[in-house]
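Spelled out, the chains give:
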Amino acid sequence: MFRFEHPVQVRFQDIDVGGHAHHSRALSYFEEARAAYWREIAGRRTPEDVDYILAEARIRYHARVLYPDRLTVGTRVSVLGKKHFVMEYEVRSSEGQLLVSGSTVQVMYDYGAGASQRISPGLANRIRAHEGPLPARRGS
């Protein structure tokens, strides 16, 4: 279940010669939803407040993304580690058809120190308040 959903408009510039959104656009849709989640749930309101780096991305394509559809991107944190968190995504058409799914791994990062950092208790509490209890991975 995705408690957080973010709307994304398929833009003409997203379309490739095959008549559907280019495969790279899925990462942009994930990113837009992740940024909205980070603003609304994590309370990080500005780009300067972003305190993670993207470490990994996985994408699975289920159906074509077509212009000019208005998509819904379900977004959730599924794992909270000590320094990283996993986000999962489902991109659905305006009719509710699953088009793309995937996940990303983010590592908390102190840009001033140039090093990874632990997830703060305050941030973990905000995410758990929204998502409910989450599993943690060993060694994370």
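Please read all numbers here as calculations on a predicted model, not as lab measurements. (Residues numbered from 1 in each chain as written. Predicted model: local features only at pLDDT ≥ 70, side-chain atom pairs only at ≥ 80, totals over all residues. Heavy atoms only, no water.)

Novice: Is there a simple way to think about the overall build of the chain in this case?
Specialist: The number of helices and strands found in the chain is two helices and six strands. Each helix and strand of the chain, placed in order from N terminus to C terminus, yields the pattern β-α-β-β-β-β-β-α. Here the C-alpha radius of gyration of the chain, 16 Å, is about what a compact globule of 140 residues would show, namely 14 Å. The principal-axis extent of the C-alpha atoms belonging to the chain is close to 45 × 30 × 25 Å. For the chain, contacts bridging at least 24 residues in sequence account for 66% of all contacts bridging at least 6. When the accessible surface of the chain is split by element, carbon and sulfur atoms take 50% of a total near 7,800 Å². Each charge sign in the chain was given a centre, from 20 positive and 16 negative side chains, and these centres are 7 Å apart. (Helix = DSSP H or I, 4+ residues; strand = E, 2+ residues; numbered from the N terminus. Rg over C-alpha atoms; globule rule 2.2 N^0.38 Å. Contact = heavy atoms within 4.5 Å. Areas by Shrake-Rupley, 256 points an atom, 1.4 Å probe, with all protein chains shown as cover. Lys, Arg positive; Asp, Glu negative; His and termini not counted. Charge placed at Lys NZ, Arg CZ, Asp CG, Glu CD.)

Novice: Looking at this structure, how should I read the packing of helix H1 (residues 25–40) against helix H2 (residues 121–131)?
Specialist: Each pair of packed helices can be described by the angle between their axes along with the distance between the axes. Interhelical geometry of H1 versus H2 gives an angle of 105° and a closest axis separation of 11 Å. Viewed along their axes, H1 and H2 adopt a mutual orientation that is roughly perpendicular. Facing Tyr37, Trp38 and Glu40 of H1, the residues of H2 in contact are Leu123, Arg126, Ile127, His130 and Glu131. Grouping the amino acids of the contact of H1 with H2 by side-chain chemistry returns four nonpolar, one polar and three charged. (Axes fitted to C-alpha atoms, helices over the stretch in contact; angles between N-to-C directions. Parallel < 35°, antiparallel > 145°, perpendicular 65-115°, else oblique. Nonpolar A, V, L, I, M, F, W, Y, C, P; charged D, E, K, R; others polar.)

Novice: Before we go on, may I ask you to explain H1 in this structure?
Specialist: The first and last C-alpha atoms of H1 sit 23 Å apart over 16 residues, in line with the 22 Å expected at 1.5 Å per residue. Looking at H1, one finds that the buried residues are Arg25, Ala26, Ser28, Tyr29, Phe30, Ala33, Arg34, Ala36, Tyr37 and Trp38. Contacts made by the buried residues of H1 are with strand S1 (4–9), strand S2 (52–61), strand S3 (70–80), strand S4 (84–92), strand S5 (98–110) and H2. (Expected span 1.5 Å × (residues − 1). Buried < 20%, exposed > 50% of the residue type's maximum accessible area, 1.4 Å probe, protein only.)

Novice: Please explain the nonpolar core as it appears in this structure.
Specialist: In a soluble, globular protein the nonpolar side chains are often hidden away together inside. In terms of nonpolar packing, the biggest core is built from 31 residues, with Trp38 and Phe85 touching the most fellow members. Where this core is concerned, the elements lending two or more residues are S1, H1, S3, S4, S5 and H2. Leaving out residues up to four positions away in the same chain, Phe85 has contacts with Trp38, Tyr52, Val77, Val79, Leu80, Thr104, Val105, Gln106, Met108 and Ile119. (Core = buried A, V, L, I, M, F, W, Y, C linked by side-chain atoms within 4.5 Å.)

Novice: Looking at this structure, how should I read the pattern of salt bridges?
Specialist: Side-chain pairing between opposite charges can occur once the charged atoms of the two side chains come close. Under the counting rule described, the total for this entry stands at seven salt bridges. The partner of Arg11 in a salt bridge is Asp14, and the shortest N-O contact between them spans 3.6 Å. Looking at Asp14, the relative accessible area reads 0%, which means it is buried. Across the pair Arg76 and Glu88 runs a salt bridge whose closest N-O atoms are separated by 2.8 Å. You can see Arg76 sitting in strand S3 and its partner Glu88 sitting in strand S4, a full twelve residues away along the chain. Overall, the relative accessible area of 26% leaves Glu88 in the partly exposed class. (Salt bridge = Lys/Arg side-chain N within 4 Å of Asp/Glu carboxyl O.)

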